[in-house]
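Residue strings, one per chain:
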Amino acid sequence: MVDVFKKLPAECTPGISLAERDSLIKYGTYVIPGGDSIETTRYEISSINANDYLNYYFNFITGQRAFIDFELRKYYATPESGIIVFSEYGGLPSNYSQHDLRLFRFDKNGFTEILNQKLLPKKISVTKFLKKETSDSIIRKIENYSNFCFNLETSDPNTLEFILDCKDVEGATKWVRYEVAEFSWNGKSFSIKYRNSID
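In what follows, the accompanying structure is described.

Rules of the game
Residues numbered from 1 in each chain as written. Predicted model: local features only at pLDDT ≥ 70, side-chain atom pairs only at ≥ 80, totals over all residues. Heavy atoms only, no water. Phe/Tyr/Trp six-rings, centres within 6.5 Å; stacked < 30°, edge-to-face > 60°. Helix = DSSP H or I, 4+ residues; strand = E, 2+ residues; numbered from the N terminus. Buried < 20%, exposed > 50% of the residue type's maximum accessible area, 1.4 Å probe, protein only. Lys NZ or Arg CZ within 6 Å of the ring centre and 35° of its normal. Pairing = 2+ DSSP bridges. Axes fitted to C-alpha atoms, helices over the stretch in contact; angles between N-to-C directions.

Tallying each qualifying case throughout the model produces 20 aromatic pairs. With 6.4 Å between their ring centres and 40° between their planes, Tyr43 and Tyr56 make a pair best called tilted. In this pair, Tyr43 is assigned in strand E2 (residues 41-46) and Tyr56 in strand E3 (residues 53-60), connecting sequence segments 13 residues apart. The two residues Tyr43 and Tyr56 agree in class, both being buried. Consider the rings of Tyr76 and Phe106, whose centres lie 5.6 Å apart with planes at 90°: the pair is edge-to-face. Placement of the pair is Tyr76 in strand E4 (residues 67-78) and Phe106 in strand E6 (residues 95-107), with a sequence separation of 30 residues. The exposure class assigned to Tyr76 is partly exposed, which follows from its relative accessible area of 32%. What makes Phe106 buried here is its relative accessible area of 7%. Grouped by ring-pair contacts, the aromatic residues Phe5, Tyr43, Tyr56, Phe58, Phe60, Phe70 and Phe86 constitute a single cluster. When the ring centre of Phe5 is taken as origin, the NZ or CZ atom of Arg21, which lies over that ring, is 5.5 Å away. Over the ring of Phe106 we find Lys74; its NZ or CZ atom is 5.0 Å from the centre of that ring.

Here it is in structure tokens:
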């Protein structure tokens, strides 16, 4: 996945150039120049030796809790072709959300972004996770104060998840029917099912 990471669009690594990605890959961390004792930021990278998955993230050396997490994962149609999913989410540990989701088509000649892709939704309505009798005021509360994001690091190489976490929203959990939207890849498209995190 390192070759894919090197060729991602510039906006997939905000704040560092394409050339500076090489330093991040080589050392596992890259401190963004210009910081000081009040605010210094860095990128870190993990899962660098995995063929089908890569995770890198942006955070602060100086103690601020804000972060951005990035994931890449391949889903195969043939041994040499398929799609790459790019996910970005972030915020604070207690208040984060999905920022971006992109898909790329790859084969032995390289990869290109799928513009206006319809294979995966960038966001899922919170009502899909809630009981039908949930009031509008509770829905709005859960929408405004819950954490939600995609998770590409699943045990099944053909799945990814969209997770709703509202356990810290007072009174919300009793209205939750499902916690996870699971997407399964069949080589051409994704199917979706809703489940709880312990299923």
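There is more to say, and it comes next.
Turning to the sheet that holds strand E9 (residues 159-165), a few remarks are in order. In space, the four strands of this open sheet follow the order E8-E9-E10-E11, with antiparallel pairing throughout. The open sheet terminates on both sides in strands that have one partner only, identified here as strand E8 (147-151) and strand E11 (190-195). Direction aside, the axes of adjacent strands within the sheet are offset by 15° on average. In this structure, E8 lies alongside E9, joined through five bridges in antiparallel fashion. In the sheet register, Asn147 faces E9, and the bridge partner there is Asp165.

What follows is about unusual backbone geometry. Excluding glycine, residues mostly carry a negative phi; peptide bonds, for their part, are mostly trans. Of note, Asn116 is a non-glycine position whose phi angle comes to about 55°, a positive value. Positionally, Asn116 belongs in the loop between strand E7 (110-113) and helix H3 (136-145). Asn116 sits in the exposed class, given a relative accessible area of 71%.

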